[in-house]
Amino acid sequence: MTHPLLELRAVHAFYGDVECLHGVDLTVADGEVVVVLGANGAGKTTLLRSICQLVRTKGQILFDGAPIGANTYDIVRRGVSMVPQGRGTLVDLTVEDNIRAGGYIRRDKDVESDLGYWYEVFPPLAQRRSTLAGSLSGGEQQMLAIARALMSKPKLLLLDEPSLGLAPIVVRQLFDVLARVCAERAVAMVVVEQNAALALGMAQRGYVLEAGAIAVTGEANTLRDDENVRRAYLGY
Ligand code: ATP
């Protein structure tokens, strides 16, 4: 029987005693791009943190048909990688050491050829491989955070607001690269994004979170045509 790559069934999430997600159902198929939209505080980051078990959850989270488990390290080993909001690059390490750090869980011998692939995908990083990550521009840091996350060879990449604080032209380049990675490496993605138009352009499906619950879900095209979604997230 085929099963989704990721499946959330009635997931609740808690900070201490405060419940911030209230029974979320969500699926992601192999290689699929899913966008999560929602206002500030709707619970988008908490949703990504729930998948990685960085926050206490109730309900079922299945990855590759089996419970995701409680240990974040094991979750990464099974093929889930997250690019947090704010990027979290290691500012005192070089670009190359940051990317290599992303491959720390790998046991295969393809790290070197993969490094070459990521430099080809992200040319600005190739030019600055010996530069300290802390002196990169915002766009380069975001690329670095994504390249680092992809070095663990994930089946599922979780991206929290990748366009935040970046110039429009840089954002466009970034989404082009994400689409390429998705096509060439068959990496599924859950993208939390304020730039709804761009994210819906890349995604197959989307979810709208409101106050910790899924308010709307559907094909990306359908969501783009939905009047409420248009007004709230697309601005027309
Ligand atoms: P934003 O777009 O502003 O990042 P979001 O949709 O990602 O918002 P979350 O950051 O997931 O929303 O927050 C969901 C709710 O959980 C909010 O009410 C927030 O105040 C609360 N929350 C988030 N992080 C914590 C925390 N560490 N401790 C307590 N409450 C938290």
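Residues numbered from 1 in each chain as written. Predicted model: local features only at pLDDT ≥ 70, side-chain atom pairs only at ≥ 80, totals over all residues. Heavy atoms only, no water.

The name recorded for the protein chain in an unreviewed UniProt entry is ABC transporter ATP-binding protein, from Actinophytocola xinjiangensis. Looking at the protein chain in UniProt, the text filed under Sequence similarities (unreviewed entry) is "Belongs to the ABC transporter superfamily." (UniProt positions renumbered as here; feature names shortened; annotations may be inferred.)

So, on to the site of the ligand. Among the 13 residues in the neighbourhood of the ligand, the closest are listed as Gly41, Gly43, Lys44, Thr45 and Thr46. A distance of 2.8 Å is found between an oxygen atom of the ligand and a backbone nitrogen or oxygen belonging to Gly41. Residue Thr45 places a side-chain N or O atom 2.8 Å away from an oxygen atom belonging to the ligand. Calculation on the ligand without its partners gives an accessible area of 630 Å², and the protein chains cover 57% of this total. It is helix H1 (residues 44-51) that provides the largest number of residues to the shell around the ligand, a total of three residues. Taken together, the residues of the shell around the ligand sort by class into four nonpolar, seven polar and two charged. (Near = heavy atom within 4 Å. Polar contact = N/O pair within 3.5 Å; in protein donor to acceptor, adjacent residues only side chain to side chain. Areas by Shrake-Rupley, 256 points an atom, 1.4 Å probe, with all protein chains shown as cover. Helix = DSSP H or I, 4+ residues; strand = E, 2+ residues; numbered from the N terminus. Nonpolar A, V, L, I, M, F, W, Y, C, P; charged D, E, K, R; others polar.)

Strand order in the open sheet formed by six strands is S6-S7-S8-S3-S9-S10, with mixed pairing between adjacent strands. Since the sheet does not close on itself, it has two edges, and those belong to strand S6 (80-83) and strand S10 (213-219), each with one partner. Across this sheet, the average inter-strand angle for adjacent strands is 15°, counted without regard to direction. Where strand S3 (residues 33-38) lies against strand S8 (residues 188-192), four bridges are found, and the strand directions are parallel. If you follow Val36 over to S8, its bridge partner there is Val192. Contacts from H1 reach S3, S6, strand S7 (156-160), S8 and strand S9 (205-210) within the one sheet, and its direction differs from that of S7 by about 150°. Against the sheet, helix H6 (residues 138-150) makes contact with S6 and S7, and its axis sits at roughly 170° relative to S6, the strand it touches most. (Pairing = 2+ DSSP bridges. Axes fitted to C-alpha atoms, helices over the stretch in contact; angles between N-to-C directions. Contact = heavy atoms within 4.5 Å.)

Moving on, we come to the sheet that holds strand S5 (residues 66-67). Taking strand neighbours across the sheet as the criterion, the four strands line up as S2-S1-S4-S5 in an open arrangement whose pairing is antiparallel. Edge strands, defined here as strands with exactly one partner in the open sheet, are strand S2 (18-28) and S5. Along the sheet, H1 contacts strand S1 (6-15), S2 and strand S4 (56-63); its crossing angle with S1, the most-contacted strand, is approximately 110°.

Axis angle and axis distance: for two packed helices, these are the angle between their axes and the distance between the axes, and together they describe the pair. Contact pair H6 / helix H7 (residues 168-185): the axes reach a minimum separation of 10 Å and the direction vectors enclose 15°. Judged by the inter-axis angle, H6 sits roughly parallel to H7. In this structure, H6 meets H7 at a crossing whose hand is right-handed. In this structure, H6 contributes Gly139, Gln142, Met143, Ile146 and Leu150 to the contact, and H7 contributes Val170, Leu174, Leu178 and Val181. Here the contact of H6 with H7 is built from residues that sort into seven nonpolar, two polar and no charged. (Parallel < 35°, antiparallel > 145°, perpendicular 65-115°, else oblique. Left-handed = near helix turned anticlockwise from the far one by under 90°.)

Bringing the domain arrangement of the protein chain into the picture now. By the assigned domains, the protein chain splits into domain 1 (1-79 + 155-236) and domain 2 (91-153). For domain 1 and domain 2, the distance between their C-alpha centroids amounts to 23 Å. Domain 1 puts 18 residues into the contact, and the matching count from domain 2 is 17 residues. Taken over both partners, the interface formed by domain 1 and domain 2 buries close to 1500 Å², and the fraction arising from carbon and sulfur atoms is 66%. For the interface between domain 1 and domain 2, the tally reads two salt bridges. The residue Glu120 makes a salt bridge to Arg180 at a minimum N-O spacing of 2.9 Å. The interface formed by domain 1 and domain 2 contains four residue pairs in polar contact (both at pLDDT 80 or more). Looking at the side of domain 1 that touches domain 2, the elements that each hand over two or more residues are helix H2 (72-78), S7 and H7. With eight residues, H7 is the single largest residue contributor to the side of domain 1 that touches domain 2. (Domains from an automatic or database assignment. Buried area = accessible area lost by both parts, 1.4 Å probe. Salt bridge = Lys/Arg side-chain N within 4 Å of Asp/Glu carboxyl O.)

As a further point, take the pattern of salt bridges. The final tally for this structure, using the stated rule, is ten salt bridges. Three or more residues joined by partner-sharing salt bridges are found here, namely Glu120, Arg180 and Glu184.

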